[in-house]
Amino acid sequence: MNLALNAIDATPAGGAVALRGRATAPGVELIIADQGSGIPPDLRSRVFEPFFTSHSNRPGGLGLAISRRITEEAGGSIQITDGAEGGAEFRVRLPSL
Ligand SMILES: Nc1ncnc2c1ncn2[C@@H]1O[C@H](COP(=O)(O)OP(=O)(O)OP(=O)(O)O)[C@@H](O)[C@H]1O
Ligand SMILES: [Mg+2]
């Protein structure tokens, strides 16, 4: 949910957010891609730090830290790449139960 809300926040009005899922050999992969301005490579580890946020009008910056913790506790991982839609793409890999 946080990754989808971030993608919507990042995408200009009228743009699209794509949610995809696919089975992988050990589990599943969820892909959340947006049409925002993307995340430069040097910021890709910093956005997961608690309280790193670009919102100046409300407190924030915990979503990705919590998302990563939940994913890693389940044995998975989150990766950021350049999306095919022109913005950021988050890939969540989860092992099967
Ligand atoms: N899809 C994205 N495109 C561009 N920047 C992003 C994207 N997702 C996250 N970010 C950047 O990473 C920051 C941290 O995201 P995070 O979800 O941790 O916190 P937040 O959305 O600012 O606040 P909240 O605690 O409400 O989730 C965002 O403020 C934004 O600067
Ligand atoms: Mg967020």
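Please read these numbers as outputs of a predicted model, since none were measured by experiment.

Okay, the overall build of the chain next. Scanning the chain for helices and strands turns up two helices and four strands. Listed N to C, the secondary structure of the chain is α-β-β-α-β-β in terms of helices and strands. The globule rule puts the C-alpha radius of gyration for 97 residues at 13 Å, and the 13 Å found for the chain is close to it. The proportion of buried residues among the 97 residues of the chain is 31%. With an accessible surface of roughly 6,200 Å², the chain has 57% of that area assigned to carbon and sulfur atoms. In the chain, which carries 9 positive and 10 negative side-chain charges, the distance between the mean positions of the two groups comes to 2 Å.

What follows concerns the site of ligand 1. Taken together, 19 residues lie near ligand 1, and Asn6, Asp34, Thr53, Ser54 and Leu64 sit nearest. Threonine 53 has a polar side-chain atom sitting 2.6 Å from an oxygen atom of ligand 1. A total of 600 Å² of accessible area belongs to ligand 1 in isolation, and the protein chains cover 86% of it. Contributing elements (two or more residues each) for the shell around ligand 1: helix H1 (2-10), helix H2 (63-73) and strand E4 (88-95). Of all the elements, H1 adds the most residues to the shell around ligand 1, at three residues.

The next subject is the nonpolar core. Residues Leu3, Ala7, Ile32, Ile39, Val47, Phe48, Leu64, Ile78, Ile80, Ala88, Phe90 and Val92 constitute the largest nonpolar core, which totals 12 residues. Element by element, the count of residues in this core is highest for E4, at three residues. The residues touching alanine 88, leaving out its near neighbours within four places in the chain, are Ile32, Ala33, Asp34, Gly38, Ile39, Thr81 and Gly83.

Further remarks concern a nonpolar patch on the surface. The grouping of Met1, Leu5, Ile8, Val17 and Leu19 at the surface amounts to a nonpolar patch, some 530 Å² of accessible area in total. Among the structural elements, leucine 5 can be located in helix H1. For leucine 5, a relative accessible area of 45% translates into the label partly exposed.

Here we come to H1. Within H1, the full set of buried residues consists of Leu3, Ala4 and Ala7. Buried residues of H1, viewed axially, fall in a sector of 100 degrees; they line one side. Buried residues in H1 make contact with strand E1 (18-23), strand E2 (27-33), H2 and E4.

Distances from the magnesium ion (ligand 2) to its protein donors, Asn2 (OD1) and Asn6 (OD1), fall within 2.1 to 2.4 Å. One end of the pair, asparagine 2, and the other, asparagine 6, are both in helix H1, four residues apart, so they sit about a helical turn from each other. Take asparagine 6: its relative accessible area is 24%, and that puts it in the partly exposed class.

Thresholds applied
- Residues numbered from 1 in each chain as written.
- Chains lettered and ligands numbered in written order.
- Predicted model: local features only at pLDDT ≥ 70, side-chain atom pairs only at ≥ 80, totals over all residues.
- Heavy atoms only, no water.
- Helix = DSSP H or I, 4+ residues; strand = E, 2+ residues; numbered from the N terminus.
- Rg over C-alpha atoms; globule rule 2.2 N^0.38 Å.
- Buried < 20%, exposed > 50% of the residue type's maximum accessible area, 1.4 Å probe, protein only.
- Areas by Shrake-Rupley, 256 points an atom, 1.4 Å probe, with all protein chains shown as cover.
- Lys, Arg positive; Asp, Glu negative; His and termini not counted.
- Charge placed at Lys NZ, Arg CZ, Asp CG, Glu CD.
- Near = heavy atom within 4 Å.
- Polar contact = N/O pair within 3.5 Å; in protein donor to acceptor, adjacent residues only side chain to side chain.
- Core = buried A, V, L, I, M, F, W, Y, C linked by side-chain atoms within 4.5 Å.
- Contact = heavy atoms within 4.5 Å.
- Patch = residues over 30% accessible without salt bridge, like charges linked within 9 Å, V, L, I, M, F, W, Y side chains within 5 Å.
- Salt bridge = Lys/Arg side-chain N within 4 Å of Asp/Glu carboxyl O.
- Arc of directions from axis to C-beta.
- Donors = N, O, S within 2.8 Å, 3.2 Å for Na, K, Ca; no water.

By themselves, these figures tell us nothing about what the structure is for.
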